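What follows is each chain in one-letter form.
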There are 2 protein chains.
Amino acid sequence: MTLLEETCAALKPIDAAASENAQRLLDAKTKPRRSLGRLEELACRLAGIYRTSQPGLPQKAVVVMAADHGVSEEGVSAYPSEVTAQMLANFAVGGAAINVLARQAAVRVVVVDMGTKASTLPSGVLDHRLGAGTANFTREPAMIRDDAVRAIETGIRIADDLVSGGFTLIGLGDMGIGNTTAAAAITAALTGIAPARITGHGTGIDEDRRLHKTRVIERALARHRPDGGDALDVLAKVGGFEIAGLAGVALGAAARGIPVVVDGFITASAALAATRLGTNVTGYLIAAHRSVEPGHSAILETLRLWPLLDLQMRLGEGTGGVLAMHLIDAALLILRDMATFESAGVTDTGS
Amino acid sequence: MTLLEETCAALKPIDAAASENAQRLLDAKTKPRRSLGRLEELACRLAGIYRTSQPGLPQKAVVVMAADHGVSEEGVSAYPSEVTAQMLANFAVGGAAINVLARQAAVRVVVVDMGTKASTLPSGVLDHRLGAGTANFTREPAMIRDDAVRAIETGIRIADDLVSGGFTLIGLGDMGIGNTTAAAAITAALTGIAPARITGHGTGIDEDRRLHKTRVIERALARHRPDGGDALDVLAKVGGFEIAGLAGVALGAAARGIPVVVDGFITASAALAATRLGTNVTGYLIAAHRSVEPGHSAILETLRLWPLLDLQMRLGEGTGGVLAMHLIDAALLILRDMATFESAGVTDTGS
């Protein structure tokens, strides 16, 4: 078996009994039943993922994968490709939004170059480059199928290394000029939703550019006809190295029983692809927030995930995921530390 | 001048220039303009409140005021009055949800008995009791007007002491069996919205009890005819000791130029009253979350406040406020610590 096949074979449903036991524990705490709303649901899902009604606090990491996109030649972004490599350098010195937010939340940032045009890599960035960006998928497939597998397996190995190193919660982060175009193409191919309903303003293009971007995606899908029932085909033809890599991180984490925190549109498209590559993946996905990208909401609805935050963000990098990790810790602390009606001597009416 | 009058005289608008300067600083950071959405708006408002475009991180406190409510005799809650005092004891030993979440967010919890039926107070709880609960406002006014002033001035003094002690961010928290009934009556009186549209399920009553609770509020408003243009009259006739006290905390903090983090329905009704007692208060209010209580949404709309979280919570105690403080810190860290396009050598297209 290949690593991808082995990983998919290891995926199992989350533990429903542990979730139910966690809810019973929460119902004994000194508060009206279910009065912490989504925070209680989150605690129960985490219990199901960790297969225990009393999980400890997680050791947290965010994997930020970067790559360039040939399709950015088509003028689909407000920023030039060179910004991808510049941002890698910014991640490496700790100046980007993800660095700031990760320091606040005690989250390790793991930066991976999956295939940028950077001439040299800053120290600390993991080098897993599959090329200097994908091919322009309006003309040829973004990558060959073998490279899609290679990217996914890189992601699986990175998740595996993190879990072996003691990390028990993994966020997905992305950087790549042009990658909302790839994410929209992937989402359209995997869901069947029309590109016009999925394509957004990305880093800040105007309405004319957005219509142009939509047509670019429509043209690519018409040319390559990716098979919506075959996520590998979709990732190869209209994907990105970082998106395929992140799908692998999601698969690898889920296979090891670790929650995967999904950030914005790009990481959601990777998570969606992961749910099509393997079974039982969705239970491990925690939707951190709802970004302003319309394709992100389409994926959340498709996967029936409820985002914890809705702050009209559209930055990526894993920023929304790391912000939501405060709420994840909070949910677990409630489950672990709150007094019960009995221990605190508070009258319980069962309400 | 009375302390209340002095405090109201000290209220001034937040500093719009500092807000604008903060946005300029954010626009120079390595991210597409405004791509952190509401987090950027939050940073700018905090800059306006602190009157500097580069505020440091806040020292955080949450003031949890507790009181009992005579109206709970009418069967408006799923819990008996004795729970208020039991929860005071739980707060004192650190077992309640607010204690757990405040420890996580490094927030000092200040617990104040404004008038519960507790026979003895646990150590650490501040004693500012104005009585063993308010009167049942279906029969007589909840309190005399002088007691409403006393409660407000207690809140002002507590805020003042916290600010003098170095705290620079104050959350509002509440505990009091029956207090959603008082909050709904206050909200109806101050906004003119019908009680039926404001009255919710509180700690978990069923639909029949909710209709009964609505009628209790309608009866009280019909009997006392509180003057919606006079917040003191409203607080005295259908308020609660803790709600009046929290209105005072909001006024006191705003007068000292400190942000006030509003939690759920009860604290929002106090904040609403504060905006009617003084001018320029709304600029200092940060809506932490949207609870499931319909009256809470009515107040958020009235004050045009956008809540940071929407987790279907309905617990009170300041829990939503403390959860949102992670986002407040995050907003300030972004403003303080992120690299600029210039410092990081990232191409800025102005998008």
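The text that follows walks through the structure, step by step, so that each part is easy to find. Note that this is a predicted model, so its numbers are computed, not measured.

1. Focus on the layout of surface pockets
Its boundaries defined by the atoms lining it, the largest pocket holds a volume of some 320 Å³. In terms of lining residues, the largest pocket is bounded by 16 residues, among which A:Arg290, A:Pro307, A:Leu309, A:Asp310 and B:Asp310 are the most central. The computed volume of the second largest pocket comes to approximately 250 Å³. Lining the second largest pocket, in full, are B:Ser19, B:Arg38, B:Glu41, B:Leu42, B:Cys44, B:Arg45, B:Ile286, B:Ala287, B:Arg304, B:Leu305, B:Trp306 and B:Leu308. Counting only elements with at least two residues in the lining of the second largest pocket, the list comes to α3 (38-50) and β6 (285-287) of chain B. Looking at which element gives the most residues to the lining of the second largest pocket, the answer is α3(B), with 5 residues.

2. Quick notes on the nonpolar core
A:Leu251 and B:Leu251 are the most contacted members of the largest nonpolar core, which totals 270 residues. If we skip the residues at most four places from it in the chain, A:Leu251 touches A:Leu4, A:Thr7, A:Cys8, A:Leu11, A:Ile152, A:Ile156, A:Ala274, A:Leu277, A:Gly278 and A:Val281.

3. Brief notes about the sheet that holds strand β3 (residues 126-127) of chain B
Residues and elements named next belong to chain B. Taken together, the 6 strands give an open sheet; going across it, the order is β3-β2-β1-β4-β5-β6, and neighbouring strands pair in parallel fashion. Two strands close off the open sheet at either side, each with one partner strand: β3 and β6. Contacts between helix α14 (residues 319-337) and the sheet are confined to β1 (60-67), β2 (107-115), β4 (169-175), β5 (260-262) and β6, with β1 contributing the most and set at about 165° to the helix.

4. Quick notes on α3(B)
Residue and element names in this part refer to chain B. Compared with the 18 Å implied by 1.5 Å per residue over 13 residues, the 18 Å span of α3 between its first and last C-alpha is a close match. Most of α3 sits inside the fold, with 11 of its 13 residues counted as buried. Of all the positions in α3, only Arg38, Leu39, Glu40, Leu42, Ala43, Cys44, Leu46, Ala47, Gly48, Ile49 and Tyr50 are classed as buried. Arg51 sits one or two residues past α3 and shows a positive phi near 60°.

5. Here we look at the relation of the copies chain B and chain A
Aligned on chain A, chain B shows an RMSD of 0.0 Å; the corresponding rotation is 180° and the shift along the axis is 0.0 Å. Expressed as a symmetry operation, the mapping of one chain copy onto the other fits a two-fold axis. Residue B:Leu309, judged by its C-alpha, is the member of chain B lying nearest the rotation axis, at 3.1 Å. Most of the interface of chain B is mirrored in chain A: 100% of its interface residues are interface residues there too.

6. Looking at the interface of chain B and chain A
Across the boundary between the two partners, chain B contributes 56 residues, which contact 56 residues of chain A. Its largest share of buried area at the contact with chain A, chain B owes to B:Tyr79, B:Leu311 and B:Thr347, together 13% of the area lost on that side. Summed over the shared surface of chain B and chain A, the result is 0 salt bridges. Applying the counting criterion to the chain B and chain A interface returns 21 residue pairs in polar contact (both at pLDDT 80 or more). Those elements that place two or more of their residues in the side of chain B that touches chain A are α3, α4 (82-93), α5 (97-105), α14 and α15 (341-344) of chain B. Residue classes in the side of chain B that touches chain A are distributed as 28 nonpolar, 16 polar and 12 charged.

7. What about the environment of A:Ser81?
Residues and elements named next belong to chain A. By the secondary structure assignment, Ser81 is in the loop between β1 (60-67) and α4 (82-93). On the basis of relative accessibility, which here comes to 15%, the residue Ser81 falls in the buried class. It is 8.8 Å that separates the C-alpha atoms of Ser81 and Thr116, two residues lying 35 residues apart in sequence. Those residues in contact with Ser81, other than ones at most four positions away along the chain, are Asp68, His69, Ser72, Lys117 and Ile177.

8. Observations regarding the pairing of β4(B)
All names here are of chain B. Taken across its 7 residues, β4 has 7 buried, putting it largely inside the fold. Because side chains alternate across β4, one face comprises the buried residues Leu169, Gly171, Gly173 and Met175, and the other comprises Ile170, Leu172 and Asp174, equally buried. The pairing of β1 with β4 spans 7 bridges and is parallel. Looking at β4, one finds that Val64 is bridged to Gly173. One ladder, built from 2 bridges, connects β4 with β5; its direction is parallel. Along β5, the bridge assignment pairs Gly171 with Val261.

9. Quick look at the sheet that holds strand β4 (residues 169-175) of chain A
Residues and elements named next belong to chain A. Reading across the sheet, the 6 strands line up as β3-β2-β1-β4-β5-β6 and stay open at both edges, with parallel pairing between neighbours. Among the strands making up the open sheet, the edge pair consists of β3 (126-127) and β6 (285-287). With respect to the sheet, helix α6 (residues 145-164) is in contact with β1, β2 (107-115) and β4, its orientation differing from that of β1 by roughly 155°.

10. Regarding the side chain of A:Thr134
Residues and elements named next belong to chain A. Mapped onto the fold, Thr134 is located in the loop between β3 and α6. The class for Thr134 is buried, based on a relative accessible area of 8%. Dropping the residues within four chain positions of it, Thr134 is found in contact with Asp68, His69, Gly70, Ala142, Met143, Gly239, Gly240 and Phe241.

The rules behind each value
- Per chain, the residues get numbers from 1 upward, laid out in the order the sequence is written.
- As a convention, the first chain written is A and the first ligand written is 1, with the rest following in written order.
- The predicted nature of this model means local features are confined to residues of pLDDT at least 70 and side-chain atom pairs, given and counted, to a pLDDT of 80 or more, with totals for whole chains, interfaces and linings taken over all residues.
- Side-chain calculation: all heavy atoms of the structure are included, whereas hydrogens and water are not.
- A 1.4 Å probe that fits but cannot get out identifies a cavity on a 1 Å grid over protein atoms alone, an open set with protein on both sides within 12 Å along at least five of seven lines counts as a pocket, and a residue lines either if it has an atom within 4 Å of a point.
- Grid points are joined across faces, edges and corners, and a volume is the space filled by probe spheres set on the points.
- Segments assigned H or I by DSSP are reported as helices when at least four residues long, segments assigned E as strands when at least two residues long, and all are numbered from the N terminus.
- We define the nonpolar core as a collection of buried residues of types Ala, Val, Leu, Ile, Met, Phe, Trp, Tyr and Cys that are connected through side-chain atoms lying within 4.5 Å of one another.
- For the exposure calls, accessible area comes from a 1.4 Å probe over protein chains only, and a residue counts as buried if that area is under 20% of its type's maximum, exposed if over 50%, partly exposed in between.
- In what follows, residue pairs with any heavy atoms lying within 4.5 Å of each other are defined as contacts.
- Strands pair, by our definition, only if DSSP identifies at least two bridges between them.
- Simply put, an axis is a line fit to the C-alpha atoms, just over the touching stretch for a helix, and the angle between two N-to-C directions goes from 0 to 180 degrees.
- Working rule for helices: expected span equals 1.5 Å times residues minus one.
- Least squares is used to superpose the copies, and the fit set is the C-alpha atoms of residues whose pLDDT is at least 70 in both copies.
- Two parts lose some accessible area (1.4 Å probe) when they are put together, and adding that loss for both gives the buried area.
- For salt bridges, the criterion is a side-chain nitrogen of Lys or Arg within 4 Å of an Asp or Glu carboxyl oxygen.
- Here a polar contact is recorded for every N or O atom pair within 3.5 Å, except that within protein the pair must consist of a potential hydrogen donor and a potential acceptor, and residues adjacent in sequence are included only if both atoms are side-chain atoms.
- Polar here means any residue outside two lists: the nonpolar Ala, Val, Leu, Ile, Met, Phe, Trp, Tyr, Cys and Pro, and the charged Asp, Glu, Lys and Arg; Gly therefore counts as polar.

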